[in-house]
Amino acid sequence: MVPFLDLKAQYRAIKAEVDPAVIDVLESGSFVLGPAVQRFEAAFARTYELEHAIGCSSGTAALHLALLAAGIGQGDEVITTPMTFIATAITIDLVGATPVFVDIEPDTALIDANRIEAAITPRTKAIMPVHLYGQCADMDRIQQIADKHGLVVIEDAAQAHGAKIGGTFAGGIGRLACFSFYPGKNLGAYGEGGLVSTADAALAHKVRMLRDWGQDRKYHHAIKGLNYRMDGVQGAVLDVKMRYVEAWTEARRNVARLYEKALAGIPGVILPVEKPGRRHVWHVYGIRVDAARRDRIAKALNEAGIATNLHYPIPVHLQPAFAELGHGPGDFPLSERHGAEELSLPMFPEMTAAQVDEVAAALRAVTAKVAA
Ligand SMILES: *Cc1c(COP(=O)(O)O)cnc(C)c1O
């Protein structure tokens, strides 16, 4: 049996530090924001070389806060990828803007920077690349295009804690960036959590106000904000986890290396790639197989005790929720193809070499049996 991830094993490993940190919050009464959240924000900013890190209540809240802080609203267009979790597009819609999709690079499934300029219109205000699966999008090229056209870049780094491109950590590249601490993410809270980063002091101040009803000081609401504050308990858990996150990232990278060797040469299986100059943090280890066999391979693996997932079988432009955009099959063929071929294998820091071998043996056997 190989689970998709093992949150209980991780908790057991840090229980001796997490339990007292949580009890401290309970005894302090600082249930919302407070010193534990501040400690976590400082640790996150230090570890990932970010100027300002503002904790909030979820990755979705982080995306909403970043879009609001950037002044994106009614009538604006935001360029993003259809191969993402739906939150990226929904938050763009939530501020009254329209998501404009650009298809992906077939090998990485990241937004294809070379297609972005063709999607720019007079209404385009921002580009929101997604560092899908834990690998940074082509940020040099994206930033160049943004600078040329006067656009804001907002990174969706929800899957990319610790990812790097050209020596810079995810979150430190765009004007603003958004992280998620959903439990299954590479850095996970024990509940919901998120964070906005920026190098711009004025934007950081605005995000801090926006997450707390627009207050710049008690009883005084400078702007219209919301309640997107981080819980004290989540701050305490995440602060403890910051001591381990880099080791966990290296463990993920090691699992990916083991997979690369163990899965080499299985007919009909395409392995994911790490582009030169990037540090992939392997939130998802997604192989590709023929679309006609994908679901049967997944079922056979599951029957053999190997848990799998799909990221993401229906690209956002084909989701009923976005029917109003009028897209249909064939509009973003590379995303559609990727969504039909992708199969996510177990990937978590505690995964052993024996478990990698077990997955590889099962995949080898299953793919030999499941016909096209
Ligand atoms: C998880 C995720 C989000 C949303 O984060 P939540 O904390 O679940 O609200 C946004 N974008 C991407 C790419 C994600 O993977």
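Computed from a predicted structure; not experimentally measured.

Rules of the game
- Residues numbered from 1 in each chain as written.
- Predicted model: local features only at pLDDT ≥ 70, side-chain atom pairs only at ≥ 80, totals over all residues.
- Heavy atoms only, no water.
- Salt bridge = Lys/Arg side-chain N within 4 Å of Asp/Glu carboxyl O.
- Buried < 20%, exposed > 50% of the residue type's maximum accessible area, 1.4 Å probe, protein only.
- Pairing = 2+ DSSP bridges.
- Helix = DSSP H or I, 4+ residues; strand = E, 2+ residues; numbered from the N terminus.
- Axes fitted to C-alpha atoms, helices over the stretch in contact; angles between N-to-C directions.
- Near = heavy atom within 4 Å.
- Polar contact = N/O pair within 3.5 Å; in protein donor to acceptor, adjacent residues only side chain to side chain.
- Areas by Shrake-Rupley, 256 points an atom, 1.4 Å probe, with all protein chains shown as cover.
- 1 Å grid on protein atoms, 1.4 Å probe; cavity = no way out; pocket = protein on both sides within 12 Å on 5 of 7 lines; lining within 4 Å.
- Sits in = over half its atoms within 2 Å of the grid points.
- Nonpolar A, V, L, I, M, F, W, Y, C, P; charged D, E, K, R; others polar.
- Domains from an automatic or database assignment.
- Contact = heavy atoms within 4.5 Å.
- Buried area = accessible area lost by both parts, 1.4 Å probe.
- Points joined across faces, edges and corners; volume = space filled by probe spheres on them.
- Phe/Tyr/Trp six-rings, centres within 6.5 Å; stacked < 30°, edge-to-face > 60°.
- Lys NZ or Arg CZ within 6 Å of the ring centre and 35° of its normal.
- Core = buried A, V, L, I, M, F, W, Y, C linked by side-chain atoms within 4.5 Å.

Right, let's get into the pattern of salt bridges. Tallying each qualifying case throughout the model produces 20 salt bridges. Residue Asp295 is joined to Arg294 by a salt bridge in which the shortest nitrogen-to-oxygen separation is 2.7 Å. Take Arg294: its relative accessible area is 5%, and that puts it in the buried class.

Strand order in this open sheet of 7 strands is 1-9-8-5-4-2-3, and the pairing throughout is mixed. Because the sheet does not close on itself, it has two edges, and the strands there are strand 1 (52–56) and strand 3 (98–101). Strand-to-strand twist in this sheet, taken as the mean axis angle between neighbours without regard to direction, amounts to 25°. Bridging between strand 2 (residues 77–80) and strand 3 involves 4 bridges; their strand directions are parallel. From the neighbouring strand, Ile79 faces strand 3, where its bridge partner is Val100.

Glancing now at the sheet that holds strand 12 (residues 278–279). As summarised here, the arrangement of the 3 strands in space is 7-6-12, forming an open sheet in which the pairing is antiparallel. Every interior strand has two partners, whereas the edge strands, strand 7 (168–169) and strand 12, have only one.

Neighbouring residues of the ligand: 15 residues in total, closest Gly59, Thr60, Asp156, Ser180 and Lys185. Take Ser180: an N or O atom from its side chain is 2.6 Å from an oxygen atom of the ligand. Side-chain polar atom of Lys185 to an oxygen atom of the ligand: 3.1 Å apart, as the coordinates give it. If the ligand stood free it would expose 380 Å²; the protein chains cover 92% of that surface. Here the ligand is seated within the largest pocket. Breaking the shell around the ligand down by element, the ones donating at least two residues are helix 3 (59–69) and helix 4 (87–94). Broken down by element, the residue count for the shell around the ligand peaks at 3 residues, all from helix 3. Residues belonging to the shell around the ligand are distributed by class as follows: 5 nonpolar, 8 polar and 2 charged.

Further remarks concern the domain arrangement of the chain. On domain assignment, one finds that the chain holds domain 1 (7–102 + 109–241) and domain 2 (245–371). A straight line from the C-alpha centre of domain 1 to that of domain 2 covers 25 Å. At the interface, 41 residues of domain 1 touch 35 residues of domain 2. When the two sides are added together, the surface that domain 1 and domain 2 hide from each other amounts to roughly 3,000 Å², 62% of it contributed by carbon and sulfur.

All right, on to the layout of surface pockets then. Taken as a whole, the largest pocket holds about 550 Å³ of empty space. For the largest pocket, the lining is made up of 28 residues, of which Gln159, Tyr182, Lys185, His283 and Tyr312 are closest to its centre. Residue assignment for the lining of the largest pocket shows that the elements contributing at least two residues are helix 3, helix 4 and strand 8 (176–180). Examining the composition of the lining of the largest pocket, we find that 3 residues originate from one element, helix 3, more than from any other. Volume-wise, the second largest pocket comes out at about 200 Å³. Considering the residues around the second largest pocket, the lining is formed by 13 residues, among which Leu33, Arg208, Met209, Arg211 and Asp212 are closest to the centre.

Overall, the coordinates contain 12 aromatic pairs when judged by the stated rule. Taken together, a centroid distance of 4.9 Å and an interplanar angle of 75° make the contact between Phe44 and Tyr48 edge-to-face. Considering the side-chain rings of Phe44 and Phe179, the 4.9 Å spacing of their centres and the 75° angle between planes classify their relative orientation as edge-to-face. Separated by 135 residues along the polypeptide, Phe44 in helix 2 (residues 35–47) and Phe179 in strand 8 bring together distant segments of the chain. Grouping aromatic residues by their ring pairs yields a cluster made of Phe40, Phe44, Tyr48, Phe169, Phe179 and Phe181. A cation over a ring is seen here: Lys164 above Phe169, with NZ or CZ 4.6 Å from the ring centre.

To continue, consider the environment of Val95. Relative to the elements of secondary structure, Val95 occurs in the loop between helix 4 and strand 3. Sequence-distant contacts of Val95, that is, excluding residues within four places in its chain, are made with His64, Leu67, Leu68, Ile72, Gly73 and Gln74.

So, on to the nonpolar core. Grouped together as the largest cluster of nonpolar side chains are 53 residues, with contacts concentrated most on Phe40, Phe44, Ile79, Ile116, Ile142 and Phe181. When contributions to this core are tallied by element, the ones reaching two or more residues are helix 1 (7–28), helix 2, helix 5 (139–149), strand 8, helix 7 (232–241) and helix 8 (245–262). Considering each element in turn, this core owes the most residues, 6 residues, to helix 2. Two domains share this core, each providing at least three of its residues, namely domain 1 (7–102 + 109–241) and domain 2 (245–371). If we skip the residues at most four places from it in the chain, Ile116 touches Ile79, Val102, Ile111, Ile127, Ile142 and Ile145. In terms of nonpolar packing, the next biggest core, distinct from the first, is built from 28 residues, Val255, Ala262, Trp282 and Tyr285 among them.

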